[in-house]
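Residue-level listing of the chains:
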Amino acid sequence: SNMLAVEAAVMISIACVFFIRHNAISVYKFWFVLLSMTLVIVLSGSRNGYLLLAICLFFTLLLNLRRLSKISVLIIAAAVCACFVLVSESGQNAVATLLNRTEVLMNKDDFSNGRFEIWRTYLEAFNSNKLYWLFGFGDYRNIGITEMGHNGLIEDIAAYGLVGTCAIVLTALKIWK
């Protein structure tokens, strides 16, 4: 559900850039992407998805204040989505799930859901051999770690090292350009 929510937030970000900055998609396609991907994020119940959605909408509004006619569509769409969430049974269930998960994590005094400990394990593994920082160690199970990193950057550095991760990022930037 987290990956789906992240991908939906990326789609919203791309749609915002295409609609607001480049006029590359119509208002109807923008509405469709915005509403459908917001629905995906809400129904996934992913805290990460909610955070990314909020960040995307905040920065889209902040960075496009001069394009009031374009961002008014975004403001209206956000209001429609919020009404849908508050009115629909599915939206209310998603909000209840989010609140329940947050309460459980806060009662455990670990809002990271164990991720801080996992990341600490990875950092200890990297520091055990400086070559791991440069070239990685492949699969995390190769060195006795039992859990995925739950962080894309840490997982890439673990698998490919800083050298490989930089190569991947530079390749992606070149393709994107």
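Look above for the structure.
Just so it is clear, the model here is predicted, and its values are computed rather than measured.

Enquirer: Would you explain the pattern of salt bridges in this entry?
Expert: Opposite charge on two side chains makes pairing possible when the charged atoms of those side chains draw close. Following the criterion strictly, the structure yields 2 salt bridges and no others. A salt bridge links Arg120 to Glu117, with the nearest nitrogen and oxygen atoms 2.5 Å apart. Of this pair, Arg120 and Glu117 both sit in helix 6 (residues 115-128), separated by 3 residues, roughly a single helical turn. You can call Arg120 partly exposed: its relative accessible area is 42%.

Enquirer: Explain the nonpolar core here, please?
Expert: Nonpolar side chains in soluble globular proteins generally cluster together in the buried interior. The biggest cluster of nonpolar side chains holds 24 residues, and the ones touching the most others in it are Ile12, Phe30, Leu34, Ile41, Tyr50 and Leu74. At the level of elements, helix 1 (2-21), helix 2 (27-44), helix 3 (47-63), helix 4 (68-87) and helix 5 (89-107) are the ones that each hand at least two residues to this core. For this core, the element with the most residues is helix 1, which contributes 8 residues. When near neighbours in sequence (up to four residues on either side) are disregarded, Leu74 contacts Cys16, Phe30, Leu34, Leu57, Thr60 and Leu61. Of all hydrophobic cores here, the second largest spans 10 residues; its members include Ile118, Ala125, Ile145 and Ile157.

Enquirer: Would you mind going over the side chain of Ser36 with me for this structure?
Expert: On the secondary structure map, Ser36 appears in helix 2. Take Ser36: its relative accessible area is 19%, and that puts it in the buried class.

Enquirer: Can you help me understand unusual backbone geometry in this one?
Expert: Negative phi values dominate among residues other than glycine, just as trans dominates among peptide bonds. Phi at Asn23 takes a positive value of approximately 50 degrees, unusual for a residue other than glycine. With respect to the helices and strands, the residue Asn23 is situated in the loop between helix 1 and helix 2. By relative accessible area, Asn23 is classed as exposed at 54%. With a phi angle near 50 degrees, His150 is a residue other than glycine that sits in the positive phi range. Structurally, His150 is set in the loop between helix 7 (130-135) and helix 8 (152-176).

Enquirer: Sorry if this is basic, but what is going on with the side chain of Ser46 here?
Expert: When you line up the elements, Ser46 lands in the loop between helix 2 and helix 3. Classification of Ser46 by relative accessible area gives buried; the value is 0%.

Enquirer: Can you walk me through helix 4 in this structure?
Expert: Helical geometry note: an α-helix holds 3.6 residues per turn, so side chains three or four residues apart project in the same direction. The terminal C-alpha atoms of helix 4, which comprises 20 residues, lie 28 Å apart, in line with the 28 Å expected from a rise of 1.5 Å per residue. All of the buried residues along helix 4 are Lys70, Ile71, Val73, Leu74, Ala77, Cys81 and Val85. Burial along helix 4 is one-sided: seen end-on, the buried residues are contained in an arc of 140 degrees. In this structure, helix 4 carries Leu68, Ser69, Leu86 and Val87 as exposed residues pointing more than 90 degrees from its buried face.

Enquirer: In this structure, what is going on with the packing of helix 1 against helix 2? I would like to understand it.
Expert: The angle between the axes and the distance between the axes are what describe a pair of packed helices. Between helix 1 and helix 2, the shortest axis-to-axis distance is 9 Å and the interhelical angle comes to 160 degrees. The orientation of helix 1 with respect to helix 2, classified from their angle, is roughly antiparallel. For helix 1 against helix 2, the interelement crossing comes out left-handed. Across the interface between the two elements, Leu4, Ala5, Ala8, Ala9, Met11, Ile12, Ala15, Cys16 and Phe19 of helix 1 pack against Val27, Phe30, Val33, Leu34, Met37, Thr38, Val40, Ile41 and Ser44 of helix 2. Its residues assigned to classes, the contact of helix 1 with helix 2 comprises 16 nonpolar, 2 polar and no charged.

Basis of the calculations
Residues numbered from 1 in each chain as written. Predicted model: local features only at pLDDT ≥ 70, side-chain atom pairs only at ≥ 80, totals over all residues. Heavy atoms only, no water. Salt bridge = Lys/Arg side-chain N within 4 Å of Asp/Glu carboxyl O. Helix = DSSP H or I, 4+ residues; strand = E, 2+ residues; numbered from the N terminus. Buried < 20%, exposed > 50% of the residue type's maximum accessible area, 1.4 Å probe, protein only. Core = buried A, V, L, I, M, F, W, Y, C linked by side-chain atoms within 4.5 Å. Contact = heavy atoms within 4.5 Å. Expected span 1.5 Å × (residues − 1). Arc of directions from axis to C-beta. Axes fitted to C-alpha atoms, helices over the stretch in contact; angles between N-to-C directions. Parallel < 35°, antiparallel > 145°, perpendicular 65-115°, else oblique. Left-handed = near helix turned anticlockwise from the far one by under 90°. Nonpolar A, V, L, I, M, F, W, Y, C, P; charged D, E, K, R; others polar.

Honestly, that's just the spatial picture; any functional story needs more than this.
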